[in-house]
Amino acid sequence: MGEIKDYKKEFTDAINIVHNILTKLKIQYFLLSGTLLGAVRENDFIDHDYDIDIGFFYEEIATKIESLKELLIENKFRLWGHFGKVDCGYTIQFIYKNRVRIDFVVIYKISPDTGWYGLSVGEFKKYIMYKHIIPINDKIIEYKNFKPLMVTYIPENYDELLKHEYGDYKIEKKESFGDFVNRHRLQGNDQRVSFHSV
């Protein structure tokens with residue numbers, strides 16, 4: 001797997017298939033993390049990113065996760081791994097054409113304007129999970145400026161969310177996943193939830 005710039009067609013194909021599957025299952029999804037950043041700042045994927053991030057609220061996915069897995073597998077996606085449990089910090093990862101990784105991230109509501117997701121550091125069988133708290137409300141809006149899709153969805157408070165995640169997100173800068181995790185831990189945004197070892 002490499003950066004998006006090397007596999008733009010595969011990333012575009014993958015997100016279109018995912019959009020169609022989630023629409024078919026009536027799951028309200030939204031772009032998250034680097035994918036949201038790229039959509040808002042560049043109207044496209046960020047060339048140096050390496051995955052697609054899709055978010056949905058726990059209430060949307062709780063009873064549909066198995067159907068989602070089945071349809072992804074039917075469409076030639078391969079299960080890569082998962083962190084957490086569906087009701088606590090769940091992220092499931094799939095691979096498309098051995099080049100595109102898609103992270104499906106469950107968001108858990110804390111209040112009308114705050115939620116959290118599991119931020120896992122380590123490998124599938126041995127990792128530390130942090131409760132990554134973010135500003136997000138349940139208003140999801142249509143977004144038509146993302147080139148890979150005719151229409152997609154983003155959180156209504158995307159500006160606040162992106163500032164929380166990346167600071168001045170309108171200025172392009174590269175940050176590793178490790179740097180992202182450490183910065184948020186130092187800012188007090190993340191709380192350790194568990195250590196998992198198999």
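Further up the page is the structure itself.
The structure reproduced in this document is the subject of the present report. Source: prediction; values computed, not measured.

Calculation rules
Residues numbered from 1 in each chain as written. Predicted model: local features only at pLDDT ≥ 70, side-chain atom pairs only at ≥ 80, totals over all residues. Heavy atoms only, no water. Helix = DSSP H or I, 4+ residues; strand = E, 2+ residues; numbered from the N terminus. Buried < 20%, exposed > 50% of the residue type's maximum accessible area, 1.4 Å probe, protein only. Contact = heavy atoms within 4.5 Å. Areas by Shrake-Rupley, 256 points an atom, 1.4 Å probe, with all protein chains shown as cover. Core = buried A, V, L, I, M, F, W, Y, C linked by side-chain atoms within 4.5 Å. Axes fitted to C-alpha atoms, helices over the stretch in contact; angles between N-to-C directions. Parallel < 35°, antiparallel > 145°, perpendicular 65-115°, else oblique. Left-handed = near helix turned anticlockwise from the far one by under 90°. Nonpolar A, V, L, I, M, F, W, Y, C, P; charged D, E, K, R; others polar. Polar contact = N/O pair within 3.5 Å; in protein donor to acceptor, adjacent residues only side chain to side chain. Phe/Tyr/Trp six-rings, centres within 6.5 Å; stacked < 30°, edge-to-face > 60°. Lys NZ or Arg CZ within 6 Å of the ring centre and 35° of its normal.

Along the protein, the regular secondary structure elements total six helices and ten strands. A burial count over the protein gives 48% of its 198 residues as buried. Sequence separation of 24 or more characterises 61% of the internal contacts of the protein that already satisfy a separation of 6 or more. Accessible area of the protein: about 10100 Å², with a carbon and sulfur share of 50%.

Of all hydrophobic cores here, the largest spans 57 residues; its most connected members are Ile54, Phe56, Leu68 and Phe104. Here phenylalanine 104 is in contact with Val18, Ile54, Phe56, Leu68, Leu72, Tyr90, Thr91, Ile92 and Phe94, once residues within four sequence places are set aside.

Structurally, arginine 41 can be placed in helix H2 (residues 33-42). The sequence separation of arginine 41 and lysine 170 amounts to 129 residues, and the corresponding C-alpha distance is 6.2 Å. Those residues in contact with arginine 41, other than ones at most four positions away along the chain, are Ile46, Tyr169, Lys170, Ile171 and Glu172.

Once that is clear, we can look at the packing of helix H1 (residues 8-24) against helix H4 (residues 65-74). Axis separation between H1 and H4 bottoms out at 10 Å; the angle between their running directions is 140°. For the element pair H1 / H4, the angle class is oblique. In this structure, the crossing between H1 and H4 has a hand that is right-handed. Here H1 contributes Val18, Ile21, Leu22 and Lys24 to the contact with H4, which in turn contributes Leu68, Leu71 and Leu72. In terms of residue class, the contact of H1 with H4 is made up of six nonpolar, no polar and one charged.

Now for the side chain of arginine 101. Relative to the helices and strands, arginine 101 is located in strand E5 (residues 100-111). A distance of 2.9 Å separates the side chain of arginine 101 from the side chain of aspartate 103, its partner in a polar contact.

Relative orientation of the contacting elements H2 and helix H5 (residues 158-166) amounts to 120°, with a least axis distance of 11 Å. One finds that H2 runs oblique with respect to H5. The interaxial crossing formed by H2 with H5 has left-handed handedness. In this structure, H2 contributes Ser33, Gly34, Leu36, Leu37 and Val40 to the contact, and H5 contributes Tyr158, Leu161, Leu162 and Tyr166.

Scanning the entire structure with this criterion turns up nine aromatic pairs. Relative to phenylalanine 146, the ring of phenylalanine 45 has its centre 5.3 Å away and its plane inclined at 80°; by these criteria the two rings are edge-to-face. Residue phenylalanine 45 is found in the loop between H2 and strand E2 (51-57), and its partner phenylalanine 146 is found in the loop between strand E8 (140-143) and strand E9 (152-155); the two are separated by 101 residues along the sequence. Judged on exposure class, the residue phenylalanine 45 and its partner phenylalanine 146 are both buried. Ring pairing ties together the aromatic residues Phe11, Phe45 and Phe146, which thus form one cluster. For the cation-ring pair, lysine 131 lies above tryptophan 116, with the distance from its terminal atom to the ring centre recorded as 5.2 Å.

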